[in-house]
Amino acid sequence: MKGRFCRACGNRINNEVGDEVMLHDYMPKNETLLGSEYDSTISLIHSEAKLLSFDNRLFVGLEWLMTEKLTITSSLNLMQCFTDDTCYVFPEPRLSAKYAVNEKFNIEASYDRATQNGHLLSNSSNSSFPANTWLPSTKQIAPQICNQIYVGISWDNDKSGLGVNSGVYYKS
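A quick note: this is a predicted structure, and the numbers were derived from the prediction, not measured.

A.B. asks: Break down the overall build of the protein chain for me, citing the residues and quoting the values.
C.D. replies: A count of helices and strands for the protein chain gives 1 helix and 10 strands. Ordered by position in the sequence, the α and β elements of the protein chain form the string β-β-α-β-β-β-β-β-β-β-β. Out of the 172 residues belonging to the protein chain, those deemed buried represent 27%. When contacts within the protein chain are restricted to residue pairs at least 6 apart in sequence, long-range pairs at least 24 apart make up 50% of them. Carbon and sulfur atoms make up 57% of the accessible area of the protein chain, which totals about 11300 Å².

Here it is, written out as structure tokens:
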């Protein structure tokens, strides 16, 4: 479920505020891995019970047309994850800039942080364990956090509707 409110503040600034709510229903298999070095993690999937996870993302964003050629976009997401008796709260800042060299050619740069609350456990080498099992973040499995920096260029052809993008990024 999503809710979003957008507002234009003059002709150079737009802002938006919203909320996104997700309920995940995990049903891990009742499988065992004998002699595993991952017993504390695998013990999470030893029951037939459902695991519920509730994610809430609050966000506020601002787009600012600084000049006719430069647009700055910033936002802050507040990610909340609730599973059983565990609660995680993480800020997710985002910042991007787009410079229009001309009507068709742009230079772009951005930074963003994201949080992943669902985790895929894969094991194709052991037949007694399911190949893919999804689990929510818990006390034993914390959410993953990713930071990404991007720099790129884009070219758009208004007549054909086609464009070309190229860029490099660093992700940690």
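Next comes the rest of the write-up.
A.B. asks: Could you give me a rundown of the sheet that holds strand β10 (residues 162–171), with the residues and numbers involved?
C.D. replies: Taking strand neighbours across the sheet as the criterion, the 8 strands line up as β1-β2-β3-β4-β5-β6-β9-β10 in an open arrangement whose pairing is antiparallel. Looking at which strands have only one partner, the edges of the open sheet turn out to be β1 (2–9) and β10. Taken pair by pair, the neighbouring strands of this sheet meet at an average axis angle of 15°, ignoring direction. Two strands pair when backbone bridges link them, and strand β5 (residues 86–100) and strand β6 (residues 105–116) are joined in this way by 7 bridges, in the antiparallel orientation. Its bridge partner lying in β6, Ala97 is registered against Ala109.

A.B. asks: Which residues make up the environment of Glu20, and what values go with them?
C.D. replies: Among the structural elements, Glu20 can be located in strand β2 (residues 13–26). Looking at Glu20, the relative accessible area reads 17%, which means it is buried. A sequence separation of 19 residues divides Glu20 from Met1, and the C-alpha atoms of the two residues are 5.8 Å apart. When sequence neighbours within four positions are dropped, the list of residues in contact with Glu20 reads Met1, Lys2, Asp55, Asn56 and Arg57.

A.B. asks: Before we move on, can you summarise the packing of aromatic side chains with the specific residues and values?
C.D. replies: Summed over all chains, the structure comprises 2 aromatic pairs. Between the aromatic rings of Phe54 and Phe82, the centroid separation amounts to 5.8 Å while the plane-to-plane angle is 35°, which identifies the pairing as tilted. Here Phe54 is found in strand β3 (residues 51–65), whereas its partner Phe82 is found in strand β4 (residues 70–83), with 28 residues between them in sequence. Looking at Phe82, the relative accessible area reads 31%, which means it is partly exposed.

A.B. asks: If you had to explain the environment of Asn15 to someone new, which residues and values would you point to?
C.D. replies: You can see Asn15 is positioned in strand β2. Along the sequence, Asn15 and Leu62 sit 47 residues apart, while their C-alpha atoms lie 4.3 Å from each other. Setting aside its immediate chain neighbours within four residues, Asn15 contacts Phe5, Cys6, Arg7, Cys9, Gly61 and Leu62.

What counts as what
- Residues numbered from 1 in each chain as written.
- Predicted model: local features only at pLDDT ≥ 70, side-chain atom pairs only at ≥ 80, totals over all residues.
- Heavy atoms only, no water.
- Helix = DSSP H or I, 4+ residues; strand = E, 2+ residues; numbered from the N terminus.
- Buried < 20%, exposed > 50% of the residue type's maximum accessible area, 1.4 Å probe, protein only.
- Contact = heavy atoms within 4.5 Å.
- Areas by Shrake-Rupley, 256 points an atom, 1.4 Å probe, with all protein chains shown as cover.
- Pairing = 2+ DSSP bridges.
- Axes fitted to C-alpha atoms, helices over the stretch in contact; angles between N-to-C directions.
- Phe/Tyr/Trp six-rings, centres within 6.5 Å; stacked < 30°, edge-to-face > 60°.

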